Amino acid sequence: MTKWIRFEQGGKIGIGKLEGDTITVHTGDIFAGAKPSGQTLKLSDVQVRTPCEPSKMICLWNNFHQLAAKNDFQQPKEPLWFLKAPNSYWPANQPIERPATYAGKIIYEGELGVVIGKKCFNISEAEAGDYIFGYTCVNDVTAVDLLRKDKSFEQWARAKSFDTFGVFGPVIATGVDPMKLSVKTILNGKERQNYPVADMFFPPHKLVATISKDVTLMPGDIIACGTSLGAGTMGDAHNVVDIVIDGVGSLGNVFDQVLPSPYLLGAPPRQKKICVVGAGAIGGLLAAKFALAGEDVTVIDQGAHLAAIQKNGLKLEWHDGKVQTARMKAVNKAADAGKQDIVVLAVKAHFLDQVVRDIDSMLGPDTVVLTVQNGLPWWYFQKLGGQYGNHRLESLDPSGVLTGNIDPNRIIGCVVYPAAAATAPGVIHHVEGDRFPIGELDGKQTGRVKELHDVFVKAGLKSLVLPDIRSEIWLKAWGNLSFNPISALTHATLVDICQFAETRELAANMMKEAQDIAQKLGVTFRVTIDKRIAGAEAVGAHKTSMLQDVEAGRSLETEALIGSILEMAKLTNTAAPAIEAVYALVKLLNKVMLLEGGGVKVEKTSKAA
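Read on for an overview of the structure.

**Section: the overall build of the protein**
Looking only at helices and strands, the protein features 16 helices and 30 strands. Looking at the protein as a whole, 53% of its 609 residues qualify as buried. Counted over contacts in the protein with a minimum sequence separation of 6, partners at least 24 positions apart contribute 72%. When the accessible surface of the protein is totalled, it reaches about 26,800 Å², and 51% of it is carbon and sulfur. Within the protein, the 65 negative side-chain charges are centred at a point lying 2 Å from the centre of the 64 positive side-chain charges.

Structure follows, in structure tokens:
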């Protein structure tokens, strides 16, 4: 085995064979009979360059069985490849740079690189070995947020071709059997990737042969074979990333990023007066996080929960075991809250008509109303325009009190992804998640929606200002529509529903019907039904909010989660038999619970002696 290296010394480029820390200098061309010059150099005395200068770098996507299985990718019938621009080529030991025009995530991908030694076109797999010079280490750096930024066109070349994003080297190893190699990636001292090259759909010789039928491969060209499990974000301020392929080499670089401000307006927002109406699972989580971040928070609630907050504060148990108690003003009516900067409507949708009747006492000229209900919101068609513009959803606002009492110009929509539960009076237990995407009803990027985003960020939560909040609402409602009522009827957790074939199929059927309805309203879904179900399954043994309500004997969000979607089905003349059947069952369950004045809970029975 030989390791060829390319270096710079005294402003001149040289080549040689690397043995340990010594370079045996050669003259000529690595790929065309280079000869020893008789000179040797210490590796520490030179600056390492890329070991060759490719005319092109060809990169593979979806080339590993394990990664495809995890992500439910189909096995490709032929190699799926794209080009990485020559300006991106970058050597070992030089810092990877964050593009000045990009503020998103930057990920590493450790890969094996095949180095072409002779010009070839339309060769066979049996011939490929004669045209492969050797192998090198590749870090296929990616501005991952750009890949699918435009839904109509995936930007692979753009996301991967920034300056310094095509890292390879430091050597080319010859005389190597690639099928015996494993690729490791170590980030900040921790192994993140370790996968065998033999797991490829298209191993190196097959890749070279197949790609050569499309393009002429030139000496020095590199085929980066794609990556497998473990590729991820270089998220720290200082990152050291090493791609290690035993028998080939170790490619090391640092990535010191100037982390962009998380605040859209550049600095933490001033203190806000925030009233959270309904301090249950999500309302309580938000109230506690806002108060702990220094906001002037008031909650409106009732009964034992209100009394506990007034006496002891609101206790927040985070999923990682951290427990904090937030102090805040707690009252039972809006008139006692006073004027607010932000009013968060966090009660169940079917209680909103009671809450908003005296909401005016909290509204100043610039007060924002943030809605965080499950399901579709009553304001869905307000400020939408088009065929259904300003249509009132009878299922959600039958009396028109919501439409009449809240000016749509005040409203900012929000999608709630965290899961939480009120486990005792004054106690909120967080299960998972911290994302709260928000958006103006007309999709504009206003100063106030950016400031609200910054309020979430200041509280240690994640947010994103969306140009189409309704599509994101549908994505969340997709799961609420199916998982909530199925769990209420079966008393099963999310993972149980997803792993039981019949209920998984029922959920998928309901989601397909909802997708048909939404698409007639111009909504696009950014994930597949299978992906959405897999996301719910990953949450684990979590009881949905509707199941929690069933066990507690509370009235159910039947109309917000299901009835409103059936109303849209009728509006768009869309068949939804599965949704109709589940809706009928849940509606009857709700009626029985209310008439009997109690809930339903599955409890273990003691075995007879």
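**Thoughts on the side chain of Asn253**
In this structure, Asn253 sits in strand S19 (residues 249–256). Beyond its immediate stretch of four places on either side in the chain, Asn253 contacts Trp90, Pro91, Ala92, Asn93, Gln94, Ile96, Val167, Asn239, Val240 and Val241.

**A short note on the environment of Lys462**
Position of Lys462 among the secondary structure elements: in the loop between helix H9 (447–458) and helix H10 (469–490). Sequence separation between Lys462 and Asn374 is 88 residues, and the spatial gap between their C-alpha atoms is 18 Å.

**Comments concerning H10**
Because an α-helix packs 3.6 residues into every turn, residues spaced three or four apart end up facing the same way. Helix length check: H10 (22 residues) gives 31 Å between terminal C-alpha atoms against 32 Å at 1.5 Å per residue, within 8%. Residue Lys476 marks the point of greatest curvature in H10, where the axis turns by about 25 degrees. Burial runs high along H10: 20 of the 22 residues are buried. Just beyond H10, the residue with positive phi is His491, at close to 65 degrees.

**Structural notes on the sheet that holds strand S14 (residues 182–187)**
Taken together, four strands build an open sheet; the order of strands is S15-S14-S18-S19 and the sheet is antiparallel. At either margin of the open sheet sits one strand with a lone partner, and together these are strand S15 (190–196) and S19. The mean angle between the axes of side-by-side strands here comes to 15 degrees, regardless of whether they run parallel or antiparallel. Of the pairings in the sheet, the one linking S14 to strand S18 (residues 238–245) comprises four bridges and is antiparallel in character.

**Considerations on the nonpolar core**
Grouped together as the largest cluster of nonpolar side chains are 77 residues, with contacts concentrated most on Val277, Leu345, Met362, Trp378, Trp474, Met568 and Ile579. Not counting residues within four places of it along the chain, the set of residues in contact with Trp474 comprises Leu376, Tyr380, Ala514, Ile517, Ala518, Leu521, Val523, Phe525, Ile565 and Met568. In this structure, Phe82, Tyr102, Phe133 and Ile243 belong to the second largest nonpolar core, which totals 68 residues.

**Some words on the sheet that holds strand S22 (residues 314–317)**
Read across the sheet, four strands follow the order S23-S22-S29-S28 without closing on themselves; strand pairing throughout is mixed. Of all the strands in the sheet, the pair left with one neighbour each is strand S23 (323–326) and strand S28 (419–424). Across the sheet, the mean angle separating the axes of adjacent strands is 25 degrees when strand polarity is ignored. Pairing between S28 and strand S29 (residues 427–432): five bridges, direction antiparallel.

**So, the pattern of salt bridges**
Summed over all chains, the structure comprises 24 salt bridges. In this structure, the salt-bridge partner of Glu53 is Arg6, at a minimum N-O distance of 3.3 Å. Residue Glu53 is located in the loop between strand S5 (47–48) and strand S6 (57–61), and its partner Arg6 is located in strand S1 (residues 2–9); the two are separated by 47 residues in the primary sequence. Its relative accessible area of 61% is what places Glu53 among the exposed residues.

**Overview of the pairing of strand S3 (residues 22–27)**
Bridge analysis of strand S2 (residues 12–19) against S3 gives five bridges, and the strand direction is antiparallel. Bridged to Lys17 within S3 is Thr24. In textbook terms, the turn of a hairpin is the stretch between consecutive antiparallel strands, and for S2 and S3 this stretch comprises two residues, one of which, Gly20, has a positive phi near 65 degrees. With five bridges connecting them, S3 and strand S4 (residues 35–42) associate as antiparallel partners. Across the sheet, His26 pairs through a bridge with Pro36, a residue of S4.

**Structural notes on H9**
The terminal C-alpha atoms of H9 lie 16 Å apart, and with 12 residues this matches the ideal 16 Å at 1.5 Å per residue to within 8%. Buried within H9 are the following residues: Val449, Leu452, His453, Asp454, Val455, Phe456 and Val457. Of the surrounding elements, those touching the buried residues of H9 are strand S20 (273–277), helix H5 (281–292), strand S25 (340–345), strand S26 (363–371), strand S27 (411–414) and strand S30 (438–440). Gly460 sits one or two positions beyond H9 and adopts a positive phi of about 85 degrees.

**Considerations on the packing of helix H12 (residues 501–520) against helix H13 (residues 529–539)**
Between two packed helices, both the angle of their axes relative to each other and the distance between the axes serve to describe the pair. Two elements in contact, H12 and H13, have axes whose closest approach is 10 Å; the angle formed by their N-to-C orientations is 130 degrees. By the angle between their directions, the pair H12 and H13 is classed as oblique. Where H12 crosses over H13, the handedness of that crossing is right-handed. Here Arg504, Ala508, Met511, Lys512 and Gln515 of H12 come into contact with H13, specifically with Ile529, Arg532, Ile533 and Glu537. Looking at the contact of H12 with H13 residue by residue, the classes come out as four nonpolar, one polar and four charged.

Here is what the cut-offs are and how they apply
- Residues numbered from 1 in each chain as written.
- Predicted model: local features only at pLDDT ≥ 70, side-chain atom pairs only at ≥ 80, totals over all residues.
- Heavy atoms only, no water.
- Helix = DSSP H or I, 4+ residues; strand = E, 2+ residues; numbered from the N terminus.
- Buried < 20%, exposed > 50% of the residue type's maximum accessible area, 1.4 Å probe, protein only.
- Contact = heavy atoms within 4.5 Å.
- Areas by Shrake-Rupley, 256 points an atom, 1.4 Å probe, with all protein chains shown as cover.
- Lys, Arg positive; Asp, Glu negative; His and termini not counted.
- Charge placed at Lys NZ, Arg CZ, Asp CG, Glu CD.
- Expected span 1.5 Å × (residues − 1).
- Bend = angle between axes of the 7 residues up to and from the residue.
- Pairing = 2+ DSSP bridges.
- Axes fitted to C-alpha atoms, helices over the stretch in contact; angles between N-to-C directions.
- Core = buried A, V, L, I, M, F, W, Y, C linked by side-chain atoms within 4.5 Å.
- Salt bridge = Lys/Arg side-chain N within 4 Å of Asp/Glu carboxyl O.
- Parallel < 35°, antiparallel > 145°, perpendicular 65-115°, else oblique.
- Left-handed = near helix turned anticlockwise from the far one by under 90°.
- Nonpolar A, V, L, I, M, F, W, Y, C, P; charged D, E, K, R; others polar.

Distances and angles like these do not, on their own, reveal function.
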